[in-house]
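Fold and geometry: a report
Read off the chains here:
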Amino acid sequence: SPKTLNFKLVLLGESAVGKSSIVMRYVNNQFSDDRESTIGAAFLTQHMKVGEDTIKFEIWDTAGQERFVCLAPMYYRNAHAALVVYSLDSKDSFDRAVKWIEELRRQSDTHTIIILAGNKSDIPDDTKQVSPHDAQAVADEMQVEFSTTCSAKSGGGIEQLFVEIGNRLPIE
Ligand code: GTP
Ligand code: MG
């Protein structure tokens, strides 16, 4: 018989990479060019059909500003999946994403699925600081579940990103 399964998903990544924008695009199909930086964390939910079952994503959108970093463990602890986000126009944000993956590997539940996403794929190629090839190499080396790019602004790759996460969650 059809089931509803609750899965906790946490977003991590440097401030301004577009975590809240990804969630807003996925949950409300909206985008804003002047989104305010998150304070603490935001909680949103979204349902997704998988066959005859339904996944309920319980999404914790954390704040990337340094002063909130100490709160992150509260949100990634017991998370089924962690979406680590960087922005394609910032090598620094990519390096920060790598640090998040290392911390997750050390601290979180060993079953937490880790996904790496490069956001803002809509920006011109000559403003990109991270190549897909380099990102994939790091993702392979760190054995993340999968690595992809997306754009909260255009919506490109957002739905697929969550479908891919849903497909990897344990449904019995
Ligand atoms: P914190 O809450 O401070 O951690 O930041 P955040 O990661 O939630 O970033 P947020 O979603 O607030 O987006 C930061 C800025 O980037 C905003 O001005 C967004 O409009 C912009 N932005 C987000 N996603 C995209 C994208 O896909 N493309 C472009 N071009 N801009 C984006
Ligand atoms: Mg935010």
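All values derive from a computational prediction rather than experimental measurement.

Thresholds, definitions, all that
- Residues numbered from 1 in each chain as written.
- Chains lettered and ligands numbered in written order.
- Predicted model: local features only at pLDDT ≥ 70, side-chain atom pairs only at ≥ 80, totals over all residues.
- Heavy atoms only, no water.
- Donors = N, O, S within 2.8 Å, 3.2 Å for Na, K, Ca; no water.
- Helix = DSSP H or I, 4+ residues; strand = E, 2+ residues; numbered from the N terminus.
- Buried < 20%, exposed > 50% of the residue type's maximum accessible area, 1.4 Å probe, protein only.
- Near = heavy atom within 4 Å.
- Polar contact = N/O pair within 3.5 Å; in protein donor to acceptor, adjacent residues only side chain to side chain.
- Areas by Shrake-Rupley, 256 points an atom, 1.4 Å probe, with all protein chains shown as cover.

Quick word on the coordination of the magnesium ion (ligand 2)
The protein atoms that coordinate the magnesium ion (ligand 2) are Ser20 (OG) and Thr38 (OG1), at distances spanning 2.1 Å. Here Thr38 lies in the loop between helix 1 (19–28) and strand 2 (41–50) and Ser20 lies in helix 1, a separation of 18 residues in the sequence. Relative accessible area serves as the criterion here: at 14%, Ser20 is assigned to the buried category. Exposure remark for Thr38: the relative accessible area of 15% places this residue in the buried category.

Let's talk about the site of ligand 1
Of all residues adjacent to ligand 1, which total 23 residues, the nearest are Ser15, Ser21, Ser37, Gly64 and Asp122. Within the side chain of Lys19, one N or O atom sits 2.7 Å away from an oxygen atom of ligand 1. Measuring from an oxygen atom of ligand 1, one finds a backbone N or O atom of Asp33 at 3.1 Å. Protein chains bury 90% of the 660 Å² of accessible surface belonging to ligand 1 in isolation.

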